[in-house]
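Close look at the chain arrangement
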Amino acid sequence: MSVITLFSGSFCDNEKVEASLVETTGSTLVTEQEIVEKASSLSSIGVKKIKEAFLEKTSIFNKFTHEKERSIAYLRLALAEMLAQDNLVITGFPAHLIPNSISHVLRVCLIAELKHRLGQAATLGTVEKEALKLIQENDKNCSTWVNTLVGNNDPWDKALYDIVVPMNTTSVEEAVSLISEKSQSPAVASSDASAQAVKDFLLAARVETALADEGHNVVVSAKAGKVVLTINKNVLMLKRLEEDLQAIVNKIEGVEAVETQIGKGFYQTDIYRQFDFETPSKVLLVDDEREFVQTLSERLMMREMSSAVAYDGESALSIVDEDEPEVMILDLKMPGIDGIEVLKKVKATKPEIEVIILTGHGSEADKKVCMDLGAFAYLQKPVDIDLLSKTLKLANDKIKKQGA
Amino acid sequence: MSKKDDILKAAITLFADRGFQDASMTEVAKMSGVSGATVFYHFKSKEALFLIALETVKDGIIQEFDQYLSEHDFESGLELAEGIISFYLYLAGTMEEWFLLLHSHYPYKLALVNEECRSHLEKIYNSLVDIFERAVALGREDGSISAGDSRKTALVIFSMVDGVVRFKIYNLYDTGALFNELINSCRKILKYKM
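Computed from a predicted structure; not experimentally measured. (Residues numbered from 1 in each chain as written. Chains lettered and ligands numbered in written order. Predicted model: local features only at pLDDT ≥ 70, side-chain atom pairs only at ≥ 80, totals over all residues.)

The next point concerns the overall build of chain B. The helix and strand tally for chain B stands at 10 helices and zero strands. Within chain B, counting contacts between residues at least 6 apart in sequence, those at least 24 apart form 69% of the total. (Helix = DSSP H or I, 4+ residues; strand = E, 2+ residues; numbered from the N terminus. Contact = placed C-beta atoms within 7 Å.)

Encoded structure:
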């Protein structure tokens, strides 16, 4: 038998699928809550604090605080200990903590179109406006979580799963039978290699928590007792840090050898430094076309601009409140609060944020309205990335001038 | 002193005083009484000159400490630690330009992209912290120090002492008045048992 992980959007019939799947396959259900509680008891961090690792409240622009890293390390440890057993159905956010090397895991994602999710919420007695807010919040958390762990903004990306079940066109029964059938497939059967991968995962988690307890934050991997630590932070006294890390890790039972190496992040600061002055470092992209906005985000990343993404006006405004981006790239046509409304509100409350309108359905009249409302620029889709970079640079110059 | 040494001495003073950006090779030449061409003949670029200046500071600090430690005897680890703290402050007072250079931002920025600069800085800090660490470890052996973790304690003590140096070179406070309290505080940290 194998392990099934279920990662799902809110209001996607996930509870029904979980319950029925456990019954059909005779598996043990391991809920997110159980893993959180176990992590809490292993670390003596409160349950509530650990759960904050699933949220991205502090700032989407900054790296996780040390506390979150420690929580995640302990979530990994809790999960790794549970994986000693087979025949599990693991639900919720921890699903993404399992490394791909553990091959006897069937990774399932349950997701549905927004309309279907709103319908589900309605049958559960949640009014539409409230439901929309919950869904957006949940999606944002999912996106941040997946991005933190695998560097992918889209939590529903097919590449992350063995099966993505579209719940708007699949009944609970069909979903359960599909998943349980796939879980019998030889591709996800336990093997010596996958059992070893579980042991490696456990050792790496033990090392990671030991390091986190000492205040260190490094990427840990383990293979048959050999531990590799990747330092992703620029440290001048590198040798000293390496010795300190080795001294901690060498004491851990089951560790046969420790190696330290430098990761990409070690050299990252210089790149940011070079570009810091020319381009805004906090860009918020607001567009309901997910694919477009993600591609754009990646392309900006290649130009050393970190960007956050919002898929609708409402979440955009809450990000503006909490994280104060420098520049906002805004689509006009969006469901809910539209772009013009967002522009008005931003300019009324945070006039220092420069807003670049990027729209596919523009007109001269719209342009005039936006510019009168204080937009920095008005660009048409499809946009030339060089033109957009140039505009961002100009916006940054303006910000820097005003700040000076 | 050779011409090259004169140039270096002038370069350290100028880099320390003005920072990398605002120090010019022409001024280095003027200050050391040679022509601009001579400066460029010995040191190919401003960056190269800066690196050699930093290396000189590194060698200077290490040598000064070696000499101090070889000329003094200490009864215990704690006494050694106190001696080092005093000597660090003394050195920062007499060789102020070395510490001004070390407390400027440029070398750390350069270290991100320049391996040689990185290595000089790493050596300076490693040898300084090593000296503190040796004292803590020694004190733990002879019982004069009871701090838990030699390595981390050494880093914390060092950053405290170096912070006082910063107070001094930037004229933030009359640090002479802090000396006794600094020694007392370090003593408290070193003798504190968890």
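Picking up after the structure, the text goes on.
This paragraph deals with the sheet that holds strand 12 (residues 354–359) of chain A. Within a beta sheet, neighbouring strands are joined by backbone hydrogen bonds and run either parallel or antiparallel to one another. All names here are of chain A. Pairing in this open sheet of five strands is parallel, and the strands run 10-9-11-12-13 from one edge to the other. What marks the edges here is a single partner per strand, and that holds for strand 10 (306–310) and strand 13 (377–380). When the angles between neighbouring strand axes are averaged without regard to direction, this sheet yields 20°. Sheet topology note: the strand 11 (residues 327–330)/strand 12 ladder contains four bridges and is parallel. Paired with Ile329 across the strands is Ile356, a residue of strand 12. (Pairing = 2+ DSSP bridges. Axes fitted to C-alpha atoms, helices over the stretch in contact; angles between N-to-C directions.)

Turning next to the interface of chain B and chain A. Contact residues are listed per partner, giving 11 residues for chain B and 10 residues for chain A. Breaking the side of chain B that touches chain A down by element, the ones donating at least two residues are helix 7 (106–113) and helix 8 (115–142) of chain B. Considering each element in turn, the side of chain B that touches chain A owes the most residues, six residues, to helix 8 of chain B. When the residues that make up the side of chain B that touches chain A are grouped by side-chain class, the tally is six nonpolar, one polar and four charged. (Nonpolar A, V, L, I, M, F, W, Y, C, P; charged D, E, K, R; others polar.)

With that settled, the discussion passes to unusual backbone geometry. All names here are of chain A. Residue Pro382 follows Lys381 across a cis peptide bond; omega there is -10°. Topologically, Pro382 is positioned in the loop between strand 13 and helix 15 (385–403). Although it is not a glycine, Phe11 sits at a positive phi angle of roughly 55°. In this fold, Phe11 is placed in the loop between strand 1 (3–8) and helix 1 (14–25). Taking the C-beta count within 10 Å as the criterion, Phe11 has 23 such neighbours and is therefore assigned buried. (Buried ≥ 20, exposed ≤ 12 C-beta atoms within 10 Å, placed from the backbone.)

Helix-helix packing: each pair is described by the crossing angle between the helix axes and the interaxial distance. Residue and element names in this part refer to chain B. Running from N to C, helix 5 (residues 77–94) and helix 8 point in directions that differ by 160°, and their axes come no closer than 7 Å. Compared by their axis directions, helix 5 and helix 8 come out roughly antiparallel. Judged by residue contacts, Gly77, Leu78, Leu80, Ala81 and Ile84 of helix 5 engage Ile131, Phe132, Ala135, Val136, Leu138, Gly139, Arg140, Glu141 and Asp142 from helix 8. Looking at the contact of helix 5 with helix 8 residue by residue, the classes come out as nine nonpolar, two polar and three charged. (Parallel < 35°, antiparallel > 145°, perpendicular 65-115°, else oblique.)

All names here are of chain A. Here chain A shows a mean pLDDT of 87. Residues at 70 or above account for 92%. By mean pLDDT, the top-scoring element of chain A is helix 2 (residues 32–43) (96), and the lowest-scoring one is helix 10 (residues 268–276) (38). Between residues 59–65, whose pLDDT stays under 50, and residues either more than four places distant or in other chains, the model counts 12 contacts. Predicted confidence for residues 268–277 stays below pLDDT 50, and this span has 10 contacts to residues more than four positions away or in other chains. (pLDDT = per-residue confidence, 0-100.)

Attention now goes to the sheet that holds strand 8 (residues 257–262) of chain A. Residues and elements named next belong to chain A. Strand order in the open sheet formed by three strands is 6-7-8, with mixed pairing between adjacent strands. In this open sheet, the two edge strands, each paired with only one partner strand, are strand 6 (219–223) and strand 8. Averaged over all pairs of adjacent strands, the angle between their axes in this sheet comes to 20°, without regard to strand direction. Looking at chain direction, strand 6 and strand 7 (residues 226–231) are connected through five bridges and run antiparallel. Bridge assignment links Lys223 to a residue of strand 7, and that residue is Lys226.

With that settled, consider the confidence of the model for chain B. Of the residues in chain B, 99% reach a pLDDT of 70 or more, and the chain-wide mean stands at 89. Across the predicted assembly, pTM comes out at 0.66 and ipTM at 0.72.

This brings us to the nonpolar core. All names here are of chain A. Grouped together as the largest cluster of nonpolar side chains are 71 residues, with contacts concentrated most on Leu75, Val108, Leu110 and Phe201. The element best represented in this core is helix 8 (residues 192–213), accounting for 10 residues. Counting contributing residues, this core receives three or more from each of domain 1 (3–184) and domain 2 (192–268). If we skip the residues at most four places from it in the chain, Leu110 touches Leu6, Ser8, Gly9, Cys12, Asp13, Asn14, Val17, Val165, Met167 and Ala175. (Core = buried A, V, L, I, M, F, W, Y, C linked by C-beta atoms within 7 Å. Domains from an automatic or database assignment.)

Another aspect to go through is the packing of helix 5 (residues 114–123) of chain A against helix 6 (residues 128–150) of chain A. All names here are of chain A. One way to put it is that helix 5 packs onto helix 6 with a least axis distance of 9 Å and a crossing angle of 125°. With respect to helix 6, the element helix 5 is oriented oblique. Seen from above, helix 5 lies across helix 6 with right-handed handedness. Contacts between helix 5 and helix 6 involve Leu114, Arg117, Leu118, Ala121 and Ala122 from the former and Glu128, Ala131, Leu132 and Ile135 from the latter. Classifying every residue of the contact of helix 5 with helix 6 by side-chain character gives seven nonpolar, no polar and two charged. (Left-handed = near helix turned anticlockwise from the far one by under 90°.)

Another point: the environment of Leu101 of chain B. Residue and element names in this part refer to chain B. Of note, Leu101 is situated in helix 6 (residues 96–102). For Leu101, a count of 24 C-beta atoms within 10 Å gives the class buried. Put simply, Leu101 and Gly19 are 82 residues apart on the chain and 7.7 Å apart in space, counted from C-alpha to C-alpha. Apart from residues lying up to four places away in sequence, Leu101 is in contact with Ile12, Phe15, Ala16, Leu54 and Val57.

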